[in-house]
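Results of the structural survey
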Amino acid sequence: MKKLWIKLALIFGVVGPGLITSFADNDAGGITTYSIAGARYGYSLLWMLLLITFVLAFFQEMVARLAAVTGKGLSDLIREEFGLRWTLFAMIVLLVANFTTTIANFAGIAASLEILGVSKYISVPVTVLALWLLVVKGSYRFVERFFLIVALFFAAYVIAGFLAKPDWGRAADSLVKPTLVWKADYWVIFIATIGTTITPWMQFYLQSSIVDKGITMKHYGYVKLDVFVGTFFTNFISFFIIVTCAATLFKAGIPVHNAEDAALALAPIAGKYSSVLFAVGLFVASMMAASIVPLSTSYAICEAFGMETGINKNFSQAPIFFSLYTLLLILGGAAILIPGLPLIKVMLFAQTVQGVLLPVILIFILLLLNNRDVMGDHVNSKFYNIAALIAVAGIVLASLILLVLTLMGKT
Amino acid sequence: MRYLSHYLHRQVHFKKQHLGELADWIMNARPTQAELAGLAITDNDGRERSISLNDVESLGHRYIYLKRNLDECPDLAPAEGQIRLAEHILDKQVVDTRKKKVYRVNDIEVEQEGERFLVRWVDAGLAGLLNRLGLPESLQPKSGKMQRRIAWANVEPLDPDLKSSFEKLSKLHPADIADIVEELGVTQGANLLERLDDETAAETLTEVEPAMQSDIVEEIKPQDAADIIGEMEPDDAADLISDLPQETARQIMNEMESEEKAEVQELLQYLEDSAGGIMNNDYLAVSRRQTVEQVLNKFRADKPEPEVAYNLIVTEGGEKLAGVLSLRDLVVALPQTKIDDLIITDTPTVRPDTPLSEVADLFSKYDLVMLPVTDHARQVLGVITVDDVIELVVPEKWKRSHRKRLI
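Residues numbered from 1 in each chain as written. Chains lettered and ligands numbered in written order. Predicted model: local features only at pLDDT ≥ 70, side-chain atom pairs only at ≥ 80, totals over all residues. Heavy atoms only, no water.

**Remarks on the side chain of A:Thr70**
Residues and elements named next belong to chain A.
- The topology assignment puts Thr70 in helix 4 (residues 46–70).
- Accessibility expressed as a relative area gives 10% for Thr70, which makes it buried.
- A distance of 2.7 Å separates the side chain of Thr70 from the backbone oxygen of Leu66, its partner in a polar contact. (Helix = DSSP H or I, 4+ residues; strand = E, 2+ residues; numbered from the N terminus. Buried < 20%, exposed > 50% of the residue type's maximum accessible area, 1.4 Å probe, protein only. Polar contact = N/O pair within 3.5 Å; in protein donor to acceptor, adjacent residues only side chain to side chain.)

Here it is in structure tokens:
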């Protein structure tokens, strides 16, 4: 009996980083991208989601292995193995990607509260202040609990999905049958879907949380389980978002231009509660990511350059860490307050930036996983490398196609 | 002032001939200073060669001239205490043994003193960072918080490839080393502990927060872990072992020496939150019939740990508790005095199942430094010392380490 108890405790001790990372992954940009994918192209992008689930699981496993073997953060490893200049380059990439993501998440906060009738000029400053207080003044335990409770709200999407009564047969069919449309808009959605599902910041975040939990190769079986379960969950929720929008907006031929459209359009079709659910889901998801992404950026950058980090420290003990976090929140929020800013385009743009910058970070990760000095006997196998290279090449190719189609004006 | 980064990748010449570029500085590192012994050069074919400083004509930060062609220079023999600055120090983590903290090295300040090149400081601040990225000197911050220079005498490299003995680090208080271990995390922390001597490692491990202790031990090979745990106080060792997964605990116990193993096993049977859970069974007991001189001799021979040395257990008829004896009374008494005349017989005692709150109350009420634990027949089972009680009463919040963070 005691043995089983210990085993369960161990599972719960180890499971978590992968799961939380995955939940935070379905942020404002993610929800918007999936909604648009469903609204404009119905079930037809679902095959992409399935494919991406495997690619995501694959890369998250590699990052988890890297973390468990080395016990070091990703930016620490990049610094130690590639030197200062490459670190600077990687950090600039991360900063650009994460800053656009932060803007996107404030766009999500603004949009979701506008659905519920709150002006963005009130909602954004208030949430910036709330998130700032949460991290700068709050304790570690409080912040952790906040995120865990927030994660529960993701059930909202699954409920909305069932309320919308989708065509399950067609959904299942599209999941395994690839379709392509040669329009730039389709490729924007395509890359945005990659960009929102596999993000640069996730790699840093997952690695740090595994290192922080003190998880080593001894418990690697559980780590793998956690990562795979997390990957499944994030895409399980993405699936419901696409399906909901396909069953309602696409079927009714309603084009989505902003998040209010997406939420309000659901009301007459799927009942008034589904738009409230949509708004609540979007809000909590955006809140979670609007805090985690700047936080993980501050951690990554400060670690790379050897500066103090930690939310249990105060402003004077870790000045650059807190300044960076504060700055990302304020600038991210301020960008949303620009009058007439097309929120949904901002969110989509952020995902595209992430999709285009992602290969840079993935290549660093691949190089580290092939370095025997770093990984010892746990270096990537040949199969792994080939599969990973195909995935990276696919992402690069998709980015290039987007570029060409945009230049040709085929929107 | 010159930085190592000014020299790295500079061209190496002999007369007008380009031979390659500078890859690294090879140093003879001693605790107080590091002196350049040779250079590592990547030749035109991409191979790395190590040469002695004797073969270097001039070492400038633009060009490096050799006295002869690279092929004619003999290889620099690896020697003990040799380190490579770029490979082992630059961009890596080091401990500042004065501030007792871990820093990442941004650059290394080098200095020419006649013919010799010395490392004086390691830079871990913003100034070194900006310099490294090529910011002109006039734009670099000069003073204040932006600078963080660590004197070489206080630098302890942490690079796991370096088989260093942690000469400087080992001199720190184990509690300070424990903070560094916590900062480094499980994998690197375990790595550091393994390279300390067993006694220092044991004292350090005792000071590491309990949740991390077991994770670290799981990372260490069972034999090494057994050596370290064998050096710990039996009560601390028992606490640690009871936190380990059964399989790991069994492996480590198998590797332990029989005497230490027996002490730990005896303590493992008690509940963690009772007097038995914090008591120690490695203490000094003397008979009430002995003299001061005899006891002092025994004391000298046994060399008890400081925690259990302030008060001695006095027994009669084998293991039965007669009372306690303070070290102070023992030392000030004449050699022929009988222990019987010195013992305190009305000392409080507890049973192994006494709750911890009661134990703490007794310590506070009677100003104790040690409390005997006995069974119903007054047989001594162990002692509780004041350091273990302080652990109990210091609020959790104080102990909670700064290591915890959000991600």
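**Some thoughts on the packing of aromatic side chains**
Residues and elements named next belong to chain A.
- Under the definition given, this model contains 27 aromatic pairs over all chains.
- Geometrically, the ring pair formed by Trp86 and Phe89 is edge-to-face, given 5.8 Å between the ring centres and 80° between the ring planes. On the criterion of helical spacing, the pair formed by Trp86 and Phe89 is a turn pair, its members being three residues apart in helix 5 (residues 74–115).
- In this structure an aromatic cluster arises from ring pairing among Phe162, Trp168, Phe232, Phe233, Phe236, Phe239 and Phe240.
- Cation over ring: Arg65 sits above Tyr384, and NZ or CZ is 5.1 Å from the ring centre. (Phe/Tyr/Trp six-rings, centres within 6.5 Å; stacked < 30°, edge-to-face > 60°. Lys NZ or Arg CZ within 6 Å of the ring centre and 35° of its normal.)

**Let's talk about the pairing of strand 17 (residues 320–326) of chain B**
- The buried fraction of strand 17 of chain B amounts to six of the seven residues, a majority that puts the element mostly inside the structure.
- Between strand 16 (residues 311–316) of chain B and strand 17 of chain B, which pair antiparallel in sequence order, lie three residues; one of them, B:Gly317, sits at a positive phi of approximately 50°. (Pairing = 2+ DSSP bridges.)

**Considering the interface of chain B and chain A**
- Each side of the interface is counted separately: chain B has 27 residues, and chain A has 40 residues.
- Around 3,100 Å² of area is buried between chain B and chain A when both sides are counted, 54% of it from carbon and sulfur atoms.
- Applying the counting criterion to the chain B and chain A interface returns four salt bridges.
- A:Glu308 is paired through a salt bridge with B:Lys101; the nearest N and O atoms lie 3.0 Å apart.
- The interface formed by chain B and chain A includes nine residue pairs in polar contact (both at pLDDT 80 or more).
- Elements supplying a minimum of two residues to the side of chain B that touches chain A: strand 10 (101–104), helix 3 (126–132), helix 5 (186–195) and helix 7 (210–219) of chain B.
- When its residues are assigned to classes, the side of chain B that touches chain A shows eight nonpolar, six polar and 13 charged. (Contact = heavy atoms within 4.5 Å. Buried area = accessible area lost by both parts, 1.4 Å probe. Salt bridge = Lys/Arg side-chain N within 4 Å of Asp/Glu carboxyl O. Nonpolar A, V, L, I, M, F, W, Y, C, P; charged D, E, K, R; others polar.)

**Observations concerning the domain arrangement of chain B**
Residue and element names in this part refer to chain B.
- Domain parsing of chain B yields domain 1 (1–171), domain 2 (174–269) and domain 3 (285–393).
- Domain 2 and domain 3 are separated by 27 Å when their C-alpha centres are compared.
- Counting residues at the interface gives four residues for domain 2, matched by four residues for domain 3.
- Interface area for domain 2 against domain 3, summed over the two sides, is near 270 Å², with a carbon-plus-sulfur share of 24%.
- Area buried by domain 2 at its contact with domain 3 is led by Glu233, Asp235 and Glu266, which between them contribute 86% of it.
- Where domain 2 touches domain 3, the interface holds zero salt bridges.
- Summed over the shared surface of domain 2 and domain 3, the number is zero residue pairs in polar contact (both at pLDDT 80 or more).
- Residue composition of the side of domain 2 that touches domain 3, grouped by class: no nonpolar, no polar and four charged. (Domains from an automatic or database assignment.)

**Some points on helix 15 (residues 319–336) of chain A**
Residue and element names in this part refer to chain A.
- Taking 1.5 Å as the rise per residue, helix 15 with 18 residues should run 26 Å; its terminal C-alpha atoms sit 26 Å apart, in good agreement.
- Burial in helix 15 covers these residues: Phe321, Phe322, Leu324, Tyr325, Thr326, Leu328, Leu329, Gly332, Gly333, Ala335 and Ile336.
- In this structure, the buried residues of helix 15 make contact with helix 5, helix 6 (120–136), helix 14 (272–304) and helix 16 (343–369). (Expected span 1.5 Å × (residues − 1).)

**Section: the pattern of salt bridges**
Residue and element names in this part refer to chain B.
- Across all of its chains, the model carries 28 salt bridges over all chains by this definition.
- Where Arg47 meets Asp43, a salt bridge forms, and the shortest distance between an N and an O atom there is 3.4 Å.
- Where Arg68 meets Asp55, a salt bridge forms, and the shortest distance between an N and an O atom there is 2.9 Å. One end of the pair, Arg68, is in the loop between strand 7 (63–66) and strand 8 (82–84); the other, Asp55, is in the loop between strand 5 (48–52) and strand 6 (56–59), and 13 residues separate them in sequence.
- Overall, Arg68 belongs to the partly exposed group, its relative accessible area being 31%.
- Accessibility expressed as a relative area gives 6% for Asp55, which makes it buried.
- Each of Glu35, Glu111, Glu113, Arg116 and Arg120 takes part in a single network of salt bridges with overlapping partners.

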